[in-house]
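A closer look at the structure
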Amino acid sequence: MNYIKNIEHESALCLKDEVSVQAGQIVSKTLAQNPHVSITLFAFSKGEEISSHDSSGDAMVLVLEGTGQFTVDGSEYVLSAGETLIMPAKKPHAVFAKEAFKMLLTVVSPSMS
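Values in this document were obtained by computation on a predicted structure and should not be read as measured data. (Residues numbered from 1 in each chain as written. Predicted model: local features only at pLDDT ≥ 70, side-chain atom pairs only at ≥ 80, totals over all residues. Heavy atoms only, no water.)

Moving on, we get to the pattern of salt bridges. Inspection of the entire model under this criterion finds three salt bridges. Here Glu18 and Lys29 are joined by a salt bridge, their closest N and O atoms 3.5 Å apart. Within this pair, whereas Glu18 is found in the segment before strand S1 (26-33), its partner Lys29 is found in strand S1, the two being separated by 11 residues in sequence. Taking the relative accessible area as the measure of exposure, Glu18 reaches 23% and is therefore partly exposed. Measuring nitrogen to oxygen at the nearest pair gives 3.6 Å for the salt bridge that ties Lys102 to Glu65. One end of the pair, Lys102, is in strand S9 (residues 101-108); the other, Glu65, is in strand S4 (residues 58-65), and 37 residues separate them in sequence. You can call Lys102 buried: its relative accessible area is 8%. (Salt bridge = Lys/Arg side-chain N within 4 Å of Asp/Glu carboxyl O. Helix = DSSP H or I, 4+ residues; strand = E, 2+ residues; numbered from the N terminus. Buried < 20%, exposed > 50% of the residue type's maximum accessible area, 1.4 Å probe, protein only.)

Shown next, in the form of structure tokens:
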């Protein structure tokens, strides 16, 4: 049983190449999802956005390519390739593509037990 899906196992790869930017869209590829963790690759076309929302878990983004704008509880952060931001649980956050960009999103949620 594989816990990480949709990418080749036991093979060196470049995460930014595992998802493609498509004009006018936000493309996502789920790599893992269970009640405690979610790992998803995203590719944003320039100008696309995910409006403000919150999460029950801490969300960590790693920009893989391009530049993205993140708003967390009213504060703006502009991240480029290689930069990471933690968006704390229960704080509203949003994402905007200042240019086409790709990111890895990891959300870690509390135990339900």
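Strand S5 (residues 67-72) sits mainly inside the fold: five of its six residues count as buried. Relative to strand S6 (residues 75-80), S5 is paired through six bridges, and the arrangement is antiparallel. Bridging across to S6, Gln69 finds its partner in Val78. From the end of S5 to the start of S6, which pair antiparallel, there are two residues, and Asp73 there has a positive phi angle of about 50 degrees. As judged from the four bridges shared by S5 and strand S8 (residues 93-96), these two strands associate in the antiparallel manner. Residue Phe70 lies in a different strand from S8, and its bridge partner there is Val95. (Pairing = 2+ DSSP bridges.)

Sheet faces and side chains relate simply in a regular strand, where the side chains alternate between the two faces. Along strand S2 (residues 37-44), six of the eight residues are buried, which leaves the element largely enclosed by surrounding structure. Of the strand pairs in this sheet, S1 and S2 are connected by seven bridges, and their pairing is antiparallel. When the bridges of S2 are listed, Thr30 appears paired with Thr40. In this sheet, S9 lies alongside S2 in antiparallel orientation, the contact comprising eight bridges. When the sheet's bridge partners are listed, Leu41 is paired in S9 with Leu104.

A positive phi angle, near 65 degrees, is found at Asn6, a position not held by glycine. The topology assignment puts Asn6 in the segment before S1. For Lys90, which is not glycine, the phi torsion reads 70 degrees and is therefore positive. On the basis of relative accessible area, Lys90 is assigned to the exposed category, the value being 60%.

What follows concerns the nonpolar core. Counting residues in hydrophobic clusters, the biggest one holds 16 residues, and the most contacted among them are Val61, Phe70, Met87, Phe101, Met103 and Leu105. Every element with two or more residues in this core is listed here: S2, S4, S5, strand S7 (84-87) and S9. With four residues, S9 is the largest single contributor of residues to this core. Among the nonpolar cores identified, the runner-up in size contains eight residues, and Ile7, Val19, Ala43 and Leu64 belong to it. (Core = buried A, V, L, I, M, F, W, Y, C linked by side-chain atoms within 4.5 Å.)

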